[in-house]
Amino acid sequence: MRKNFIERIRTVAVLLALVLGFLRASADNPTTMFILGNVNQYTSTDWNPLKGVAMDYDSETEKFTATVYCQSAINYFAFATELNDWDSLNNGNKRYGSENGAWDAHEDLTDDFDSPVNIKQGSQSSFYLPAGVYAITLDVPNLKLTVSKRPCKSPLTPLMRV
């Protein structure tokens, strides 16, 4: 009888550990992400925390992906777990950007295609890319961003949305 009771306690302890681990992982790693900035239909005048491109989430890899186009010579962008006002995003640690620091510091990704670069949670700085089409992969648990250039016709126009 005592052995059966101990086995039940162990089973409950294992289940509790699994549930707590899942809840902790869910709280630490978001399941929604948006690209804010100069991508797709959003131009430099549209840098607005209420406008963004939703990324696809893969629950098995815990990575976000999106294919976007950039129209300007220089296109700035960052990431946020929700579309909200700047204060909510910046003070709530819901924004991801470059490790460079200040909001006016930007990281050029043109030399880093297909190579993961570091991102920072809570960062107000952004990344930038030249005009083109890009596959973007965001790995939040490992704080990594990978951008791959995709073939496109020139000149890039809004009708060529991907």
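Residues numbered from 1 in each chain as written. Predicted model: local features only at pLDDT ≥ 70, side-chain atom pairs only at ≥ 80, totals over all residues. Heavy atoms only, no water.

## Focus on the sheet that holds strand β3 (residues 56-58)
Working definition: the strands of a sheet are paired by backbone hydrogen bonds and lie parallel or antiparallel to each other. Our working rule: Whether two strands pair comes down to DSSP finding at least two bridges between them. Each helix corresponds to a stretch of at least 4 residues labelled H or I by DSSP, and each strand to a stretch of at least 2 residues labelled E; elements are numbered beginning at the N terminus.
Ordered by their spatial adjacency, 5 strands build an open sheet running β3-β4-β11-β12-β8, and the pairing between neighbours is antiparallel. Every interior strand has two partners, whereas the edge strands, β3 and β8 (117-118), have only one. Taken together, the 3 bridges between β3 and strand β4 (residues 63-70) define a ladder with antiparallel strand orientation. Within the sheet, the bridge partner assigned to aspartate 58 lies in β4 and is lysine 63.

## Focus: the environment of lysine 149
Defined as follows: Any two residues having at least one pair of non-hydrogen atoms within 4.5 Å are treated as being in contact.
Here lysine 149 lies in strand β12 (residues 144-150). Residues in contact with lysine 149, not counting those within four places in the same chain, are Phe113, Ala131, Gly132, Val133 and Tyr134.

## A look at the nonpolar core
Operational definition: Among buried residues, those of type Ala, Val, Leu, Ile, Met, Phe, Trp, Tyr and Cys that are joined through side-chain atoms within 4.5 Å constitute a nonpolar core. Working definition: with a 1.4 Å probe on protein chains only, accessible area under 20% of the residue-type maximum means buried, over 50% means exposed, and in between means partly exposed.
Core analysis: the largest hydrophobic core is formed by 24 residues, its most contacted members being Ile35, Met55, Phe77, Phe79, Ile136, Leu138 and Leu145. Apart from the residues within four sequence positions on either side, leucine 138 is in contact with Met33, Met55, Glu62, Lys63, Phe64, Phe79, Ile119, Lys144 and Leu145.

## Observations concerning the packing of aromatic side chains
What counts is decided by this rule: Paired rings are identified among Phe, Tyr and Trp, the last through its six-membered ring, by centres lying within 6.5 Å, and are further divided according to the angle between planes into stacked (under 30 degrees), edge-to-face (over 60) and tilted (the rest).
Following the criterion strictly, the structure yields 6 aromatic pairs and no others. Three or more aromatic residues joined by ring pairs make a cluster, and in this case those are Phe77, Phe79 and Phe127.

## Here's the deal with the confidence of the model for the protein
Here is the rule: pLDDT is a residue-level measure of predictor confidence that goes from 0 to 100.
Averaged over the protein, the pLDDT score is 79; the fraction of residues at 70 or greater is 73%. The secondary structure element of the protein with the lowest average pLDDT is helix α1 (residues 2-28), at 57, and the one with the highest is β3, at 97. Note on residues 22-27: pLDDT is under 50 here. Beyond four places in sequence and across chains, it has 0 contacts.

## Considerations on unusual backbone geometry
Glycine aside, residues mostly have negative phi, and peptide bonds are mostly found in the trans state. Although it is not a glycine, asparagine 40 sits at a positive phi angle of roughly 55 degrees. The topology assignment puts asparagine 40 in the loop between β1 (34-37) and β2 (53-54). Exposure remark for asparagine 40: the relative accessible area of 10% places this residue in the buried category.

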